[in-house]
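# Descriptive structure summary
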Amino acid sequence: MLLRSVCLISVLCMVCCLAACNQTNSSHKKEKKEKSVIPNEQNIKKHKATSIDTTKPVATFEANMQDQLDNNDFMVKVFPTTEDDKFKMDIQYGGNTASDALKMLPPEYYKKIVLTKGNNSDECIVGFIDNDGNFNKMKLITGSGTSISIKTLKAYYLSTK
């Protein structure tokens, strides 16, 4: 009888030990899962980019074509995208529309995107103000008759040299 009691107590102790070990392992698994939920720097950058309002232009150019119609103007609007260095340009000249992509330097290398009037009333120059306050030309948009022309004036890139 004493032997049975000792065996029963030993079995109960083993079961309790196994149950305790199993609970510690499952709590370690929970800790690992919780650690993987903590956002890393890459997730924060993606979240920042996706929280941008892509419906509001960051730069706008408007010129009246001096015609008889009210809504028949020359307009260029630059919209942000979910990526920091890519923008979308919507262009209207009279009844014609066009769209183009604008690849920029990373945001820390310029202050803002600027649209200015070109040499003629039907020209718009797309560029940016750098950190030193200088205007840097990128594209020339020209409207004439029934066409819209987009010409790259300069391209900028980062070099590791």
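As shown above, the structure is provided for reference.
Structural notes, computed from the coordinates. (Residues numbered from 1 in each chain as written. Predicted model: local features only at pLDDT ≥ 70, side-chain atom pairs only at ≥ 80, totals over all residues. Heavy atoms only, no water.)

## Some details on the packing of aromatic side chains
Just so we agree on the cut-off: In summary, the pairing rule links any two rings of Phe, Tyr or Trp, Trp by its six-membered ring, whose centres are within 6.5 Å, and it sorts them by plane angle into stacked for under 30 degrees, edge-to-face for over 60 and tilted for everything else. Numbering of helices and strands runs from the N terminus, with a helix taken as a DSSP run of H or I at least four residues long and a strand as a DSSP run of E at least two residues long. Between buried and exposed lies partly exposed: a residue is buried under 20% and exposed over 50% of the maximum accessible area for its type, with that area taken using a 1.4 Å probe on protein chains only.
Evaluated as defined, the whole model comprises 4 aromatic pairs. Ring geometry for F74 against Y93: centres 5.4 Å apart, planes inclined by 75°, an arrangement best described as edge-to-face. Here F74 is found in strand β2 (residues 74-80), whereas its partner Y93 is found in strand β3 (residues 86-93), with 19 residues between them in sequence. Each member of the pair, F74 together with Y93, is buried. Seen in terms of ring centroids, F128 and Y156 are 5.1 Å apart; in terms of plane orientation they differ by 80°. Their pairing is edge-to-face.

## Some thoughts on the sheet that holds strand β5 (residues 110-117)
Our working definition: Pairs of strands are assigned from DSSP output, requiring at least two bridges between the strands. What counts as an axis is a line fitted to C-alpha atoms, over the stretch in contact for a helix, and the angles between N-to-C directions run from 0 to 180 degrees.
Pairing is antiparallel across the open sheet formed by 4 strands, whose spatial order is β5-β6-β7-β8. The sheet is open, and its two edges are formed by β5 and β8 (147-152), each paired on a single side. Taken over all neighbouring pairs, the strand axes of this sheet differ in orientation by 20° on average, direction set aside. Bridge analysis of β5 against strand β6 (residues 123-130) gives 7 bridges, and the strand direction is antiparallel. Bridge pairing in β6 places L115 opposite V126.

## Section: the pairing of β8
Both strand β7 (residues 135-144) and β8 contribute to a ladder of 6 bridges, which runs antiparallel. Counterpart to G143 in the pairing with β8 is I148. Connecting β7 to the next strand, β8, in antiparallel fashion are 2 residues, including G145 with a positive phi near 55°.

## A short note on the pattern of salt bridges
Side chains that differ in sign of charge can pair as their charged atoms come close. To keep it simple, the criterion reads: What counts as a salt bridge is simple: a side-chain nitrogen of Lys or Arg found within 4 Å of a carboxyl oxygen of Asp or Glu.
Throughout the structure, instances matching the rule amount to 4 salt bridges. With a closest N to O distance of 2.5 Å, K103 and D85 form a salt bridge. One end of the pair, K103, is in strand β4 (residues 96-103); the other, D85, is in the loop between β2 and β3, with 18 residues separating them in the sequence. Note on D85: relative accessible area 21%, which makes it partly exposed.

## Describing the pairing of β3
Pairing analysis gives 7 bridges linking β2 to β3, with the strands arranged antiparallel. By the bridge assignment, V78 is partnered in β3 with M89. Linking β2 to β3, which pair antiparallel, is a turn of 5 residues. Counting the residues between successive antiparallel strands, the hairpin from β3 to β4 contains 2 residues, one of them, G94, with a positive phi of roughly 65°.

In short, geometric facts, not functional conclusions.
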